[in-house]
Amino acid sequence: MSNDQDRWTTVDHYLTDLLAPADEALTAALADSSAAGLPEIAVAPNQGKLLHLLVAAQGAKNVLEIGTLGGYSTIWLARALPADGRLVTLEYSPAHADVARANIARAGLDKVVEVRTGAALDTLPLLEQEGAGPFDFVFVDADKVNNPHYVSWALKLSRPGTLIVVDNVVRGGRVATPNPDDPAVTGTREMFELIAREPRLDATAVQTVGTKGYDGLLLARVVS
């Protein structure tokens, strides 16, 4: 671990201990996800708290998450919803979805959260057909190759004022590399280019450092 990474991790722990302390449901969600062999790529605690605050500030009642993993970020998002709120989260892997459902139920959120299994590009059209939207808040944290498609679908399922957040958009700085040989970087660059030319979206992105290393978040607001 580099000296920079040591410093970023120490500061993250300091901030998290004060402002986003773990509780039993969140700790168990991470522990059970790890025990089940899920990749340890969930958002950091302070990033989860950021998502929670964004949903609350948005006054969101209808939230869409693309990429559930073990449900850790789902718990943060769902806890910000009002009593009549609803969250739909899409997970490709049935095994991951089973872990997430158990974690979400233990957190007392299984009446609020619906976990749908399958490729998101198959389940998103079904949400449209069902009239599940418009969603007030969309969090995208799935395979990065399909980021442009996920943002396009988020826009279809949104309304003016919807906030779209996409995780892992800096890719350790590789996003600025022309003609990258990494499909995840290529997909992320295509997403940025799509957003830059989309008049219905007003967006920015920020670089982040912390326990998850060097990366970043995109925030886009639907304006029309």
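Here, every reference points to the structure presented above.
So, how was this worked out
- Residues numbered from 1 in each chain as written.
- Predicted model: local features only at pLDDT ≥ 70, side-chain atom pairs only at ≥ 80, totals over all residues.
- Heavy atoms only, no water.
- Helix = DSSP H or I, 4+ residues; strand = E, 2+ residues; numbered from the N terminus.
- Expected span 1.5 Å × (residues − 1).
- Contact = heavy atoms within 4.5 Å.
- Polar contact = N/O pair within 3.5 Å; in protein donor to acceptor, adjacent residues only side chain to side chain.
- Core = buried A, V, L, I, M, F, W, Y, C linked by side-chain atoms within 4.5 Å.
- Buried < 20%, exposed > 50% of the residue type's maximum accessible area, 1.4 Å probe, protein only.
- Pairing = 2+ DSSP bridges.
- Axes fitted to C-alpha atoms, helices over the stretch in contact; angles between N-to-C directions.
- Right-handed = clockwise from strand over helix to strand, strands pointing away.
- Salt bridge = Lys/Arg side-chain N within 4 Å of Asp/Glu carboxyl O.
- Parallel < 35°, antiparallel > 145°, perpendicular 65-115°, else oblique.

This part is about helix α2 (residues 24–35). Structural remark: α-helix, 3.6 residues per turn; residues separated by three or four positions point the same way. Look at α2: 16 Å from first C-alpha to last across 12 residues, which is about the 16 Å you get at 1.5 Å a residue. For α2, the secondary structure elements touched by its buried residues are α4 (72–78) and α5 (94–106). Put simply, aspartate 23 is the residue that caps the front of α2, since its side-chain oxygen is 3.2 Å from the backbone nitrogen of alanine 25. Just past α2, the residue glycine 37 takes up positive phi, approximately 85°.

Moving on, we get to the nonpolar core. By size, the foremost hydrophobic cluster in this structure holds 32 residues, and its most contacted members are Val55, Val113 and Phe137. Listed by contribution, the elements that provide at least two residues to this core are α2, α3 (45–58), α4, α5, β3 (113–117), β4 (137–140) and β5 (163–167). Apart from residues no more than four positions distant in its own chain, phenylalanine 137 is found in contact with Leu51, Leu54, Val55, Ala60, Asn62, Val63, Leu64, Leu77, Thr162, Leu163 and Val165. In terms of nonpolar packing, the next biggest core, distinct from the first, is built from 28 residues, Ile66, Leu127, Ile164 and Leu201 among them.

Two orientations exist for strands paired in a sheet by backbone hydrogen bonds: parallel and antiparallel. Taken in spatial order, the seven strands of this open sheet run β3-β2-β1-β4-β5-β7-β6, and their pairing is mixed. Each of the sheet's edge strands pairs with one partner strand only, and the pair in question is β3 and β6 (201–210). Each adjacent strand pair in this sheet contributes to an overall mean axis angle of 15°, direction not counted. With four bridges joining them, β4 and β5 adopt parallel strand pairing. Bridging from a neighbouring strand, phenylalanine 137 pairs with leucine 163 of β5. Contacts between helix α1 (residues 3–19) and the sheet are confined to β6 and β7 (213–222), with β6 contributing the most and set at about 105° to the helix.

With that settled, the discussion passes to the pairing of β5. By the criterion of burial, β5 is predominantly enclosed, with five of the five residues buried. Residue alternation in β5 divides its side chains into two sets, Leu163, Val165 and Asp167 and Ile164 and Val166, and both sets are buried. With helix α7 (residues 147–156) bridging β4 and its parallel neighbour β5, the resulting β-α-β unit is right-handed. Bridge analysis of β5 against β7 gives five bridges, and the strand direction is antiparallel. If you follow valine 165 over to β7, its bridge partner there is leucine 219.

Counted by the stated rule, this structure contains 13 salt bridges. A salt bridge links aspartate 32 to arginine 106, with the nearest nitrogen and oxygen atoms 2.9 Å apart. With aspartate 32 in helix α2 and arginine 106 in helix α5, the pair connects residues that are 74 residues apart, well separated along the chain. A single network of salt bridges, built from pairs that share partners, joins Arg86, Glu114, Arg116 and Glu130.

So, about the packing of helix α6 (residues 120–130) against α7. Between α6 and α7, whose axes approach to 11 Å, the crossing angle comes to 10°. By the angle between their axes, α6 is roughly parallel relative to α7. Two secondary-structure elements touch here, α6 through Ala120, Leu121, Leu124, Pro125 and Glu128 and α7 through His149, Tyr150, Trp153 and Lys156.

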